[in-house]
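Notes for the structure review
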Amino acid sequence: MIIVLRPDATKEQIDHLIEKIKDLGLSVHISKGKERTIMGVIGDESLLEGAPLAVLPGVENVMPILKPYKLVSREFRKEDTVIEVDGVKIGGKEIQVIAGPCSIETRELLFDAAKKVKRAGARLLRGGAFKPRTSPYAFQGLGEEGLKYLAEARKKTGMPVVTELMDPRDIDIIYENTDIIQIGARNMQNFRLLTEVGKLDKPVLLKRGLSATIKEFLMSAEYIAAEGNHKIILCERGIRTFETAVRNTLDLSAVPVLKEETHLPVIVDPSHAVGRWDLVAPLAKAAIAVGADGLMIEVHSDPENALCDGAQSLKPDKFASLMKELKKVAEAIGRTM
Ligand code: PEP
Ligand code: MN
């Protein structure tokens, strides 16, 4: 059960409510957002039968929620959540594309990609500074130096930026230099990390784990929301299956399922899903057709020499032509780009 408190609920009213719930043998999880406070009641809800919580002072609404994910569920909020980052709206009618290199390699390469993806119509820039690489000997990212270039690129182009946080020790430096904090597939169930970003006031882009079910994905989003941060963007990026022809199997059905189950924006990353640049375009189009609110696409000016994920990176001219095609798909289903 979720109890939504009135914006003007006093501390005394809240304390009284908590006491009442605890007396009934249930526990309470408080989620203090910027605008309002929400209480999740945890335990056997039948114990609440006959307890008129809805009429207690300070309470705005009481909602039974049957799903294990509460705050992120469609039951909790019927309308789509739209997350605004520097004037760019994610989750609304307009499709948003986040584009840029897998990792920030040099200032010049990042600036070049930023300028070109912006010209092609992308409104958000991506670039990894801390990279989750399978091999400890592979390029691990430029770290703080990369974040500095990313912040410069944001200033120069005016595009909000997205970068991955892998370690709670880097929270402050990432927070200062990014507009959206990415939690990568490998950390989708790093619950301590989720809890930490849940305490922040910046949007979080949560990628689906390599072998995570949709329910597990939503439970991870719930970890973030439970701490008070409800600005969560979900990203389907392919899952592990028996198929080896492509890097991962893009679970397109996850998009409409997620849109039904949650009010959060859902985007698709076809680059990490397929691992091959020539398959990015068809899957990007399909993703919009099935209802994704946006895309994350890797773009590199010199993919052959890229230090990370060159094989799946689009050259800027290919990206620009894809953007034109995507606009047509978006318009065909009544959306804009
Ligand atoms: C990335 O987007 O840079 C990345 C590493 O993706 P994923 O976590 O989906 O593998
Ligand atoms: Mn990558």
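Structure first, text after, so check above.
Along each chain, numbering runs from 1 in the same order as the chain's sequence is written. Ligands are numbered from 1 and chains lettered from A, in the order in which they are written. At least 70 in pLDDT is required for a residue's local features to be given in this predicted model, at least 80 for side-chain atom pairs to be given and counted, and no such filter applies to totals for whole chains, interfaces and linings, which use all residues. In computing side-chain properties, one takes all heavy atoms of the structure into account and sets aside hydrogens as well as water.

Thoughts on the coordination of the manganese ion (ligand 2)
For Na, K and Ca the donor cut-off is 3.2 Å; for every other metal, N, O and S atoms count as donors within 2.8 Å. Water does not enter the count, which can leave sites looking incomplete. Here the manganese ion (ligand 2) is held by C102 (SG), H272 (NE2), E298 (OE) and D309 (OD), and the distances to it run 2.0 to 2.4 Å. Within one chain, the residues serving as donors to the manganese ion (ligand 2) are arranged as C-x169-H-x25-E-x10-D. Of this pair, C102 sits in the loop between β7 (96-100) and α2 (107-120) while H272 sits in helix α8 (residues 270-274); the two residues are 170 residues apart in sequence, bridging distant segments of the chain. Taken individually, C102 and H272 each receive the classification buried, so the pair is uniform in this respect. A run of H or I in DSSP counts as a helix once it spans at least four residues, and a run of E counts as a strand once it spans at least two, with each numbered from the N terminus. We call a residue buried when its accessible area falls under 20% of the maximum for its residue type, exposed when it is over 50%, and partly exposed in between, using a 1.4 Å probe and counting protein chains only.

Side note on the site of ligand 1
All residues in the neighbourhood of ligand 1 are listed as R126, K131, P132, E164, Q182, G184, A185, R186, K207, R237 and H272. Under the rule applied, a polar contact is a pair of N or O atoms within 3.5 Å (in protein, one hydrogen donor and one hydrogen acceptor; residues adjacent in sequence only if both atoms are side-chain atoms). R186 places a side-chain nitrogen or oxygen 2.8 Å from an oxygen atom of ligand 1. The side chain of K207 places a nitrogen or oxygen atom 2.8 Å from an oxygen atom of ligand 1. In short, Shrake-Rupley with a 1.4 Å probe defines the accessible areas, and a residue's cover is counted only from the protein chains shown. Computed on the free molecule, ligand 1 has an accessible area of 290 Å², of which 96% lies beneath the protein chains in the complex. Asp, Glu, Lys and Arg are counted as charged, while Ala, Val, Leu, Ile, Met, Phe, Trp, Tyr, Cys and Pro are counted as nonpolar; the rest, among them Gly, fall into the polar class. Looking at the shell around ligand 1, its residues break down into two nonpolar, three polar and six charged. The near set for a molecule or strand comprises every residue that places at least one heavy atom within 4 Å of it.

As for the packing of helix α5 (residues 191-198) against helix α6 (residues 214-226)
Fitted lines through C-alpha atoms serve as axes, helices being fitted only where they are in contact, and the angles separating the N-to-C directions of these axes extend from 0 to 180 degrees. Look at α5 against α6: their axes get within 7 Å of each other, and the N-to-C directions meet at 40°. In terms of axis orientation, α5 runs oblique to α6. Here α5 runs over α6; the crossing is right-handed. Residue-level inspection shows F191, L194, T195, V197 and G198 of α5 in contact with α6, the latter providing S220, Y223 and I224. When an angle is under 35 degrees it counts as roughly parallel; over 145 it counts as roughly antiparallel; between 65 and 115 it counts as roughly perpendicular; any other value is oblique. In this scheme the crossing of two helices becomes right-handed for a clockwise turn of the near helix relative to the far one and left-handed for an anticlockwise turn of less than a right angle. Contact between two residues is taken to exist if any of their heavy atoms lie within 4.5 Å; hydrogens are not considered.

Regarding the layout of surface pockets
Here a cavity means grid points, on a 1 Å grid over the protein atoms only, where a 1.4 Å probe fits yet cannot get out; a pocket means an open set of points with protein on both sides within 12 Å along at least five of seven lines; lining residues are those with an atom within 4 Å of a point. Grid points are joined across faces, edges and corners, and a volume is the space filled by probe spheres set on the points. Within this model, the largest pocket holds a volume of roughly 730 Å³. As for the largest pocket, its lining consists of 27 residues, and the residues nearest its centre are G33, K34, E35, G228 and H230. Sorting the residues of the lining of the largest pocket by element identifies β4 (59-63) and β5 (83-85) as the ones contributing at least two each. Considering every element that reaches the lining of the largest pocket, the biggest residue donor is β4, with three residues. Of the residues in the lining of the largest pocket, the class split is eight nonpolar, eight polar and eleven charged. An automatic or database domain assignment supplies the residue ranges for each domain. The two domains that each donate at least three residues to the lining of the largest pocket are domain 1 (2-63) and domain 2 (83-332).

What about the packing of aromatic side chains?
The description of two aromatic rings rests on the distance between their centres and on the angle between their planes. Here a Phe, Tyr or Trp ring, Trp counted by its six-membered ring, pairs with any other such ring whose centre lies within 6.5 Å, and the pair is stacked when the planes are under 30 degrees apart, edge-to-face when over 60, and tilted otherwise. Within the structure shown, the criterion is met by one aromatic pair. Summarising the aromatic geometry, the rings of F191 and Y223 are spaced 4.4 Å apart at their centres and angled 25° between planes, so their arrangement reads as stacked. Taken together, the residues F191 in helix α5 and Y223 in helix α6 connect sequence positions 32 residues apart. Classification of F191 by relative accessible area gives partly exposed; the value is 33%. When the NZ atom of lysine or the CZ atom of arginine is within 6 Å of a ring's centre and also within 35 degrees of its normal, the charge is said to sit over that ring. Its guanidinium or amino end placed over the ring of Y175, K202 lies 4.2 Å from that ring's centre, counting from NZ or CZ.

What is shown is where atoms sit, not what they do.
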